[in-house]
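Secondary and tertiary structure notes
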Amino acid sequence: MAIRLVTFDALHTLVTPRLPIYVQYAQTFEPYLGALDPGALKRSFKIALKQVQQEQPVYRGGAQEWWGDVIRRTAVGAGADPKAVDASLGEIVPRLLKRFSSREGYKLFDDSIPTLKRLKELNIHTGLISNTDARMRAVIEDLGLIPHLDTVLLSEEEGVEKPSCEIFQRACARLGVKSSETVHVGDELDCDYHGAKACGFRALLLRRPGPEGEEERKEPGEDLTDVEVIPSVSHVVEWVQRQNRQNA
């Protein structure tokens, strides 16, 4: 079937941190906790985020408490004194949440809006499906992304997250499009690629060039056999055009 809808993940797909997340954490931590090793913060953040995602799916308990847990674990895991962390967490958490609620913390990839505009010119619907809290809506609005999207589904608002078929199917239902007419683009192998495929979507996995790309989610030893990989979202346009020519 011809493609009528392209859905995108948000973070590391259309949107990226203005500076690496661990650098922004280090800057915010320093007045309260002193200088922490950036490499240790980077490792600690990844571990903390994964733990809390598994323990408290869909921002259970609320986004502020959820992120407060991530932030505390990140600081302590990077070597900060736990007592000092607990004493200053009430100031650190609001500062980081505010920073990552706007263009202060995030920016768009250069190809994000041009790709969405080109898809609209081709009469292709566009949407965003993201495992994130409601602040991402403020971020993409501040970055000028909202006018280029036909639907936006954020896991905290929806009460369900990828790879659940429910959140993918809601995007299709809201635009009157079949899952077989949809391709999802994202950087997470399980949530984005395999999740979308299991729900009847086509899927493209984003892997930008370089040893770490643009911080997209990569798991050690991941198997990309038979996985359709693209190096930038701009490649989505050509892929859609090719699919639709074949199905004309």
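Keep in mind that what you see is a predicted model, and the values were worked out from it rather than measured. (Residues numbered from 1 in each chain as written. Predicted model: local features only at pLDDT ≥ 70, side-chain atom pairs only at ≥ 80, totals over all residues. Heavy atoms only, no water.)

Some remarks on the packing of aromatic side chains
Within the structure shown, the criterion is met by 7 aromatic pairs. Geometrically, the ring pair formed by Y25 and F29 is edge-to-face, given 5.6 Å between the ring centres and 80° between the ring planes. Separated by 4 residues within a single helix, Y25 and F29 lie in helix α1 (residues 21-33), roughly one turn from each other. A relative accessible area of 3% places Y25 in the buried class. Cluster of aromatic residues (ring-pair linked, three or more members): Y25, F29, F45, F100 and Y106. Taking NZ or CZ as reference, R208 lies 3.5 Å from the ring centre of F109, over its face. (Phe/Tyr/Trp six-rings, centres within 6.5 Å; stacked < 30°, edge-to-face > 60°. Helix = DSSP H or I, 4+ residues; strand = E, 2+ residues; numbered from the N terminus. Buried < 20%, exposed > 50% of the residue type's maximum accessible area, 1.4 Å probe, protein only. Lys NZ or Arg CZ within 6 Å of the ring centre and 35° of its normal.)

Examining the state of the cysteines
Going through the model one piece at a time under the given rule, you end up with 1 disulfide. Residue pairing for C165: its cysteine sulfur links by disulfide to C199, the two sulfurs lying 2.2 Å apart. When the S-S torsion is -100°, as for the bridge of C165 with C199, the disulfide is left-handed. Here the residue C165 occupies a position in helix α8 (residues 165-175), and C199 occupies one in the loop between α9 (189-198) and β7 (202-206), the gap between them amounting to 34 residues. A relative accessible area of 26% means that C165 is categorised as partly exposed. With relative accessibility at 7%, the residue C199 sits in the buried group. For C172, which is in no disulfide, the shortest distance to another cysteine sulfur is to C199 and amounts to 9.2 Å. For C172, a relative accessible area of 5% puts it in the buried group. No disulfide involves C191; its sulfur sits 11 Å from the nearest other cysteine sulfur, which is in C199. (Disulfide = S-S within 2.5 Å.)

Remarks on the environment of S232
Among the structural elements, S232 can be located in the loop between β8 (229-230) and α10 (235-246). Setting aside residues no more than four positions away along its own chain, S232 makes contact with D111 and L206. Within the structure, S232 has its side chain in polar contact with the side chain of S234 (distance 2.7 Å). (Contact = heavy atoms within 4.5 Å. Polar contact = N/O pair within 3.5 Å; in protein donor to acceptor, adjacent residues only side chain to side chain.)

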